[in-house]
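Structural overview
Take a look at the letters that make up each chain.
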Amino acid sequence: MNTAAATAGDAPGRVPGADAGTGVVPPQRAAAPDEPSVADDGAPAAVRDRLRRTAHRLRERTAPLRVPRLDPYWTAGFFFLAYLVLACWRFRTLSTSSWDLGIFEQAIRGYAHFGAPIVDLKGPGTNILGDHFSPVLVLLAPIYRLFPSSLTLLIAQAALFALSVLPVTRAAARSLGRLPGLAIGVAYGLSWGVQKAVDFDFHEIAFALPLIAFALEAVLRGRWTAVVCWAAPLVLVKEDLGVTAATIGALALIRTRRASPLAIGLVAFGLSATAVTLGVLIPGFNGSGSYDYWTKFGGEGGGAAIPLATALRTTLWVLLPTTGLLALRSPLLLVALPTLGWRFLSHEPHYWGTDWHYNAVLMPVVFLALIDALPRVRVSARPWLRSYAHHLPAAVLATALALTTTLPLSRLTEAATYRTPPDAVAAEKLLARIPDGASVESDIRPLSRLTGRTRVFWTGDTGGLSPDYVTTQLRADRTPRQMLADVMGRHPRSTYVLLGSAGNLLVFHRTSAR
């Protein structure tokens, strides 16, 4: 053996400087030509390279879709899908909570067939314009003509609510930056007032939310022509919203600090439209010569006055979890005064609850008031107030997420939301046995399957007509035989038999008339 060569490290299998007992290592084996190299984590390097290149190409191609200016559109799209799923769940499960969905479908059905908005649910031959003045509903007539279903109304409402997210998010991002703007936009979409309205049946105020939101965004940007164009149509949404339009005009005067003809015209138009609607149009359509809802104000027929503590508690709910009370520092909050004002004058307890749709129109007002106030508060001389304003967008979003666990959108996390219960399927099959064009007396739950294809009356209000069918929910304290006796008692000149039952839903068919 060549000792010099071994000492110099030339001998294979030896490590220079190591003793004979520990320095021998096996020679390294070269990788076969067809064997892929393996990365440290066990993944083939070629696969990792392909994935890295694919991800890079995907980021490059989607970069135009992730620019900040598109954030409001993506946010609005997300909430449209969320609201849509909730609306479809309510429709599939026949979870109608009031007769409003049927009322508005009858009105829009009348428009869709080039007729008057006759709503038999409010009484045979009732023109809805004599109850609430909402001619804006005619905009849904072409869509309803193509897709005649109460689900069409619910989808349209989801789209209108989601549309209002766009100006709120856009205004917030413009004033506060991308992330705070997104936080406030998402918090608005999750706000309890909007969620409660989505969960409620269709209502005309769905048109008011985007109109108010776009109008107030235009106020923040100083685009006064746009303010008038967005605010003026509020007079066609509901009779009381003309005062809201006038208040937006007054807000424009305050912001400009000059007698702008556009703002003065909006104030005059809103007040005049409200006066004409309440004093002439509605009484003319209902034939009574008066506005029926005056009875909800004052002491005549309005019931007991709402306790002040109840009113203040609801007002606090409108302002605290949504804006941390900071909306009080913006003049935009003046736009909420008409809605809050007639509530304080009324004796209707529903107006002061947190359910249904009554608080939805206040949500865009308070959030845009918050957006208006935050930039000024962020430069306040008080350090604690600056800190409060800096952290408020995240706090408002966190509050909205926390409240959502007990609000309607929490159902999106439940598997049952994406299944149709067997009782609902059976009920729908039973209602399908009622022929198109028949006259039906109904209570709440079956309405969503009947008003699009039959003439539906409210239970006990058929104007002396004996309907072809009667649909009703079986009450816990009654039997089907007793329910049949109730039907015969309301229509003594006709004979009815039980057509079928599904769950707690009963359908009776008129077999003869005496």
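In what follows, the structure referred to is the one given above.
To start, this report covers the structure provided alongside it. Fair warning: this is a prediction, and the values are worked out from it, not measured in the lab.

1. Regarding the overall build of the protein chain
Looking only at helices and strands, the protein chain features 18 helices and five strands. Here the protein chain, with 514 residues, has 46% of them falling under the buried criterion. The long-range fraction of contacts in the protein chain, counting pairs at least 24 apart against all pairs at least 6 apart in sequence, stands at 69%. Summed over all atoms, the accessible surface of the protein chain reaches about 24600 Å², with 63% contributed by carbon and sulfur.

2. Here we look at the environment of T225
Turning to its location among the elements, T225 is positioned in helix α10 (residues 224–231). When the C-alpha atoms of T225 and L262 are compared, they prove to be 7.1 Å apart, with 37 residues separating the residues in sequence.

3. Comments concerning unusual backbone geometry
Positive phi, close to 60°, is recorded for F114, a residue that is not glycine. Assignment of secondary structure puts F114 in the loop between α4 (100–112) and α5 (141–146). Of note, W356 is a non-glycine position whose phi angle comes to about 65°, a positive value. The class of W356 is partly exposed, set by a relative accessible area of 34%.

4. Section: the side chain of S439
Inspection of the secondary structure puts S439 in strand β1 (residues 439–442). A distance of 2.9 Å separates the side chain of S439 from the backbone nitrogen of D468, its partner in a polar contact. Not counting the four nearest positions on each side in its chain, S439 is found in contact with R455, F457, L465, S466, P467, D468 and Y469.

5. Some details on a positive patch on the surface
Together, R50, R53, R57 and R61 make up a positively charged patch on the protein surface. Residue position: R61 is located in helix α2 (residues 45–62). According to the relative accessible area criterion, R61 is exposed, its value standing at 68%.

6. A word on the nonpolar core
Formed by 102 residues in total, the largest nonpolar core has its most connected members in Y83, F202, L216 and I248. Per-element tally for this core: the top contributor is helix α6 (residues 150–176), with 13 residues. Apart from residues no more than four positions distant in its own chain, F202 is found in contact with D100, L101, F104, I108, L137, L140, L153, L154, Q157 and F207. Grouped together as the second largest cluster of nonpolar side chains are 20 residues, L94, L121, A427 and L430 included.

7. Topic: the packing of helix α3 (residues 71–92) against helix α8 (residues 192–199)
Taken N-terminus to C-terminus, the directions of α3 and α8 make an angle of 35°; their axes are 9 Å apart at the nearest point. Across the interface between the two elements, Y83, L86 and R90 of α3 pack against V194, V198 and D199 of α8. Of the residues that constitute the contact of α3 with α8, the class distribution is four nonpolar, no polar and two charged.

8. Considering the environment of S466
In this structure, S466 sits in the loop between β2 (455–458) and β3 (469–473). Residue classification places S466 among the buried positions, given a relative accessible area of 17%. Between the C-alpha atoms of S466 and M488, which are 22 residues apart in sequence, the distance is 9.9 Å. Those residues in contact with S466 that lie beyond four places of it in its chain are S439, H491, S494, Y496 and R510. Side chain to side chain, S466 and S494 meet in a polar contact 3.1 Å long.

9. Comments concerning the packing of aromatic side chains
In this structure the tally under the stated criterion is 14 aromatic pairs. Between F200 and W356, the aromatic rings sit 5.2 Å apart at their centres with planes inclined by 20°, giving stacked as the arrangement. Of this pair, F200 sits in the loop between α8 and α9 (208–221) while W356 is found in the loop between α14 (337–345) and α15 (362–377), placing the two residues 156 residues apart along the sequence. Ring centres of W356 and Y358 lie 6.5 Å apart, and the angle between their planes is 15°; this geometry places the pair in the stacked category. When its relative accessible area of 17% is taken as the criterion, Y358 is described as buried. Connected via pairs of aromatic rings, a cluster forms that spans F200, W342, Y351, W356 and Y358. Here the basic side chain of R343 rests over the ring of W342, its NZ or CZ set 6.0 Å away from the ring centre. In this structure, R449 is placed above the aromatic ring of F91, and the distance from its NZ or CZ to the ring centre is 3.8 Å.

Parameters and conventions
- Residues numbered from 1 in each chain as written.
- Predicted model: local features only at pLDDT ≥ 70, side-chain atom pairs only at ≥ 80, totals over all residues.
- Heavy atoms only, no water.
- Helix = DSSP H or I, 4+ residues; strand = E, 2+ residues; numbered from the N terminus.
- Buried < 20%, exposed > 50% of the residue type's maximum accessible area, 1.4 Å probe, protein only.
- Contact = heavy atoms within 4.5 Å.
- Areas by Shrake-Rupley, 256 points an atom, 1.4 Å probe, with all protein chains shown as cover.
- Polar contact = N/O pair within 3.5 Å; in protein donor to acceptor, adjacent residues only side chain to side chain.
- Patch = residues over 30% accessible without salt bridge, like charges linked within 9 Å, V, L, I, M, F, W, Y side chains within 5 Å.
- Salt bridge = Lys/Arg side-chain N within 4 Å of Asp/Glu carboxyl O.
- Lys, Arg positive; Asp, Glu negative; His and termini not counted.
- Charge placed at Lys NZ, Arg CZ, Asp CG, Glu CD.
- Core = buried A, V, L, I, M, F, W, Y, C linked by side-chain atoms within 4.5 Å.
- Axes fitted to C-alpha atoms, helices over the stretch in contact; angles between N-to-C directions.
- Nonpolar A, V, L, I, M, F, W, Y, C, P; charged D, E, K, R; others polar.
- Phe/Tyr/Trp six-rings, centres within 6.5 Å; stacked < 30°, edge-to-face > 60°.
- Lys NZ or Arg CZ within 6 Å of the ring centre and 35° of its normal.

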